[in-house]
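Inside the fold
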Amino acid sequence: MTGTGGEEMGARAARSRALAVLRVRSRALAVALLPAALAVILLVGGSTGRLVGAGWDAARWAVSVLAVLVLVAAAGVALVVARSRPAVTPTVTIAEESAPDLYRMVRDLADRLDVPAPSAIALTPDCDSWLEDRAHPAHGPPARAAERDVPAVPGGSARPRGATAPVLVIGSPFLWWMRVGELRAVLAPVVAGTGPSAHPDIAAARRFIRGLDAAVAVASADRRDPLSRAACAGLGRVSRLLLRSCRVHAAEMERGVASAAAERAQAVDYGLRIVAQEQVGLAYAGWDRLLTRVALPAWRMGRWPARLDVGVVAALTELSRRDRLAEGFASRLGERPACDLLEEPGAMDEAVSLLTARLFHGGPETGPDWSPVDWDEYPEEVVDRTWRTDAARLHRVLDTLGVRRAAEGAAPGTEGPTLARVLDHLTTGTATPADDPRPTGDGDAPFPAPAQIGPQPATGPAHPEDDDDLAGTTTRGAALAAGLSAQLAREEAAAQPTGAGAGSATAPSAAVGPDAALWDDRALPLFPLQPPRTGREILTAHITAMVCCAAMDTAGAAPGLDWLDGPSLLFDGARAADLAPGVLSLVESGDPGPLRAWMTDLGIRPEKPVRLV
């Protein structure tokens, strides 16, 4: 009875707030009709002979014209609000044929909660779950994607157009990390939300709010025509005013819906849900770590890991092995994972992985410079290539700065790209007039000054705080960092046509790809993972890459993958430690002593040339 009473109280509060939102809409309509009503009164008064005279005639004309203008403007705003395409979450739809067990579990959950079942299930690369209304007609495929209304996975079917119940959106890491019982417990309050959502007043209020939000987006689009800009400015003002008027009521309505759903869901797996919530936070931490430390280096190399959700399981399993607080998590792996509810979890994981790459990095759907990579190929295809590419870029910039390939009196065969060249250049107190990166006093510098390297727009700091960031480095380190930042900017600009802004010439296969009909992919990445790297971070990464290349070519080291920290250097199968302090000492103070001592202990020979990409 407590649960029922609480649910009724939350539902009543939600309906009350929904009516408040609808009253805002009614008041806006009344304001729009007010000039027309006044014009009708004046016209009727004139026709009956009660309101006659030149003054009343002028008032009738003025008010009638004003009424027509207001009605036209109101009709335009109403049309945009009703027809604009509301924002939807980029997802990969799970067709019922591809996951009958998952659909059966969700419907059974809805029956136990006595609420309508969701119309469909979709996956998104996030650690959250929610209901999303996609009944708006504008959610049909746009003209440019009408030919691509294909299933997301083999055997699937296109999204039903006439569905009115909300879609259940599930974070893909949940399916791979959680067990079936845990997923059911976590989804119970989400599925319970379909009950309040089905109420006509709540549904109408939500449609109105989403329409206003979509209208604001339409008004914010760039327009070159002055008339269009003026119309969009008026549309934006009206839509924002209505949104501000509805903000508090809409927030309280959603809070009431959530309260009602939570109270109703207490009857289903409540004890297990408390335990499962711990896994939600753990999955979020592992997902964030995997994307920033492991996936991002691969995306920068034009490769997207095709099994990100499997990687989450590996990362969290590694965390449970390292962290004493997570010792109990590994025992869960013996239970049935929720991904077993999918018929083809591999194909779904690949589709979600591609969507993740496009959202967070902005890669195209397909292309010669954008291809999947398996985890067993990651060390060679990503780690090794990344290090050698960075090392090659470092030596190209050194060439631009006029740094000699080998020191005077060096042994034959050491003219190639060596780590010693980098160490000697960055070491303080070893500058000579021939390799000083600053121009000479007479103006005849043998090579450009750091501020003159490359095109001027690209030579600025990679980040607004770069000037302060490079203040803690040496003069040569700052010049080298500026050159690397400029080189990276030029490479990124040259690669832009095949990046986020370019569409794919070939439609993606049915086995991989998001629901292209539901979202616009012309502004990728939608959610960049990290801000631009600072100059010192770029310099540190390139020196680290050069050290790793020297270790692989002269000391038998190998590239590796650490699930929690990303690319790693392996000696005899064990991860090398204590490299970062030596690199930081060289970058910040120009002291190569700690780094040279570290390399001597491991048998790394900096004077030997390394292989570059």
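Above this text is the structure in question.
Below: a short report on this structure. (Residues numbered from 1 in each chain as written. Predicted model: local features only at pLDDT ≥ 70, side-chain atom pairs only at ≥ 80, totals over all residues. Heavy atoms only, no water.)

The subject of this paragraph is the overall build of the chain. Looking only at helices and strands, the chain has 18 helices and nine strands in total. Residues classed as buried in the chain amount to 46% of the 613 residues present. Taking the contacts inside the chain whose residues are at least 6 apart along the sequence as the reference set, 80% of them involve residues at least 24 apart. If you sum the accessible surface of the chain, you get close to 28,600 Å²; carbon and sulfur atoms cover 58% of it. (Helix = DSSP H or I, 4+ residues; strand = E, 2+ residues; numbered from the N terminus. Buried < 20%, exposed > 50% of the residue type's maximum accessible area, 1.4 Å probe, protein only. Contact = heavy atoms within 4.5 Å. Areas by Shrake-Rupley, 256 points an atom, 1.4 Å probe, with all protein chains shown as cover.)

This part is about the sheet that holds strand β7 (residues 558-562). Within the open sheet, the three strands sit side by side as β7-β8-β9. Their pairing is antiparallel. Edge positions in the sheet fall to β7 and β9 (574-575), since each of these pairs with one other strand and no more. For strand β8 (residues 566-571) and β9, the ladder comprises two bridges, and the chain directions are antiparallel. Among the inter-strand pairings, Phe571 is bridged to a residue of β9, identified as Ala574. Those strands touched by helix α12 (residues 378-400) are β7 and β8, and its axis lies near 110° from that of β7. (Pairing = 2+ DSSP bridges. Axes fitted to C-alpha atoms, helices over the stretch in contact; angles between N-to-C directions.)

Attention now goes to the packing of aromatic side chains. Counting across every chain of the model gives two aromatic pairs. With centroids separated by 5.9 Å and ring planes inclined at 45°, the aromatic side chains of Trp375 and Tyr378 adopt a geometry described as tilted. Neither residue differs from the other here; Trp375 and Tyr378 are each classed as buried. Centroid distance Trp375 to Trp563: 4.9 Å. Interplanar angle 75°. Geometry classified as edge-to-face. On the criterion of sequence distance, the pair formed by Trp375 in the loop between β6 (371-373) and α12 and Trp563 in the loop between β7 and β8 is long-range, its members being 188 residues apart. Since its relative accessible area comes to 14%, Trp375 is described here as buried. Site record: aromatic cluster; members linked through ring pairs are Trp375, Tyr378 and Trp563. Positioned above the aromatic ring of Phe208, the side-chain terminus of Arg25 is 6.0 Å from the ring centre. (Phe/Tyr/Trp six-rings, centres within 6.5 Å; stacked < 30°, edge-to-face > 60°. Lys NZ or Arg CZ within 6 Å of the ring centre and 35° of its normal.)

Enumeration over the complete set of coordinates arrives at 26 salt bridges. When the shortest N-O distance is used, the salt bridge between Asp101 and Arg336 registers 3.9 Å. Of the two residues, Asp101 sits in helix α3 (residues 100-113) while Arg336 sits in the loop between α10 (308-322) and α11 (345-360), which places them 235 residues apart along the sequence. Put simply, Arg575 and Asp565 hold a salt bridge, and the shortest N to O gap is 2.8 Å. Placement of Arg575 in strand β9 and of Asp565 in the loop between β7 and β8 is noted, with a sequence separation of ten residues between them. When its relative accessible area of 43% is taken as the criterion, Arg575 is described as partly exposed. The class of Asp565 is partly exposed, set by a relative accessible area of 22%. (Salt bridge = Lys/Arg side-chain N within 4 Å of Asp/Glu carboxyl O.)

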